[in-house]
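What follows is the residue order along each chain.
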Amino acid sequence: MSNSNKLGPYIQKLMTTVMDNKEDDFVKELAMSELARLKVNIDEFLVKHYQEDDVAEEKPEKQLLQEDK
């Protein structure tokens, strides 16, 4: 789980690099390509787990205690 704890700051650093006007264009392009790669990985993860949720047995609908029927 320690890897996922580092992912947020890593993505934030990549985004900061892309927006930094002082950075070299080559470095900005590397950061953009890394962000694109991460996006693909996240999309694949979401699609895989969303499909698994569809296959799982139907769960009863939950209702807030304060909500009126």
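These notes cover the structure that comes with them. Values in this document were obtained by computation on a predicted structure and should not be read as measured data.

**Examining the overall build of the protein chain**
Here is step 1 of the chain: Helix and strand content of the protein chain: 2 helices and 0 strands.
Here is step 2 of the chain: Residues counted as buried form 10% of the 69 residues belonging to the protein chain.
Here is step 3 of the chain: Total accessible area on the protein chain is roughly 6900 Å²; 57% of this is exposed by carbon and sulfur atoms.

**Here we look at the pattern of salt bridges**
Here is step 1 of the chain: Across all of its chains, the model carries 2 salt bridges by this definition.
Here is step 2 of the chain: The closest approach of N and O atoms between R37 and E34, which form a salt bridge, is 2.6 Å. Taken together, the residues span about one helical turn, with R37 and E34 both in helix α2 (residues 25-55) at a distance of 3 residues.
Here is step 3 of the chain: The shortest N-O distance in the salt bridge between D43 and K39 comes to 3.0 Å. Of this pair, D43 and K39 both sit in helix α2, 4 residues apart, roughly one helical turn.
Here is step 4 of the chain: Under the relative-accessibility criterion, D43 is labelled partly exposed at 33%.

**A closer look at a nonpolar patch on the surface**
Here is step 1 of the chain: Together, F26, V27 and L30 make up a nonpolar patch on the protein surface, roughly 280 Å² of accessible area in all.
Here is step 2 of the chain: Along the chain, the position of F26 falls in helix α2.
Here is step 3 of the chain: Relative accessible area serves as the criterion here: at 55%, F26 is assigned to the exposed category.

**A few points about the environment of M32**
Here is step 1 of the chain: Along the polypeptide, M32 turns up in helix α2.
Here is step 2 of the chain: The spacing of M32 and T17 is 15 residues in sequence and 8.8 Å in space, taken between C-alpha atoms.

Definitions and cut-offs
- Residues numbered from 1 in each chain as written.
- Predicted model: local features only at pLDDT ≥ 70, side-chain atom pairs only at ≥ 80, totals over all residues.
- Heavy atoms only, no water.
- Helix = DSSP H or I, 4+ residues; strand = E, 2+ residues; numbered from the N terminus.
- Buried < 20%, exposed > 50% of the residue type's maximum accessible area, 1.4 Å probe, protein only.
- Areas by Shrake-Rupley, 256 points an atom, 1.4 Å probe, with all protein chains shown as cover.
- Salt bridge = Lys/Arg side-chain N within 4 Å of Asp/Glu carboxyl O.
- Patch = residues over 30% accessible without salt bridge, like charges linked within 9 Å, V, L, I, M, F, W, Y side chains within 5 Å.

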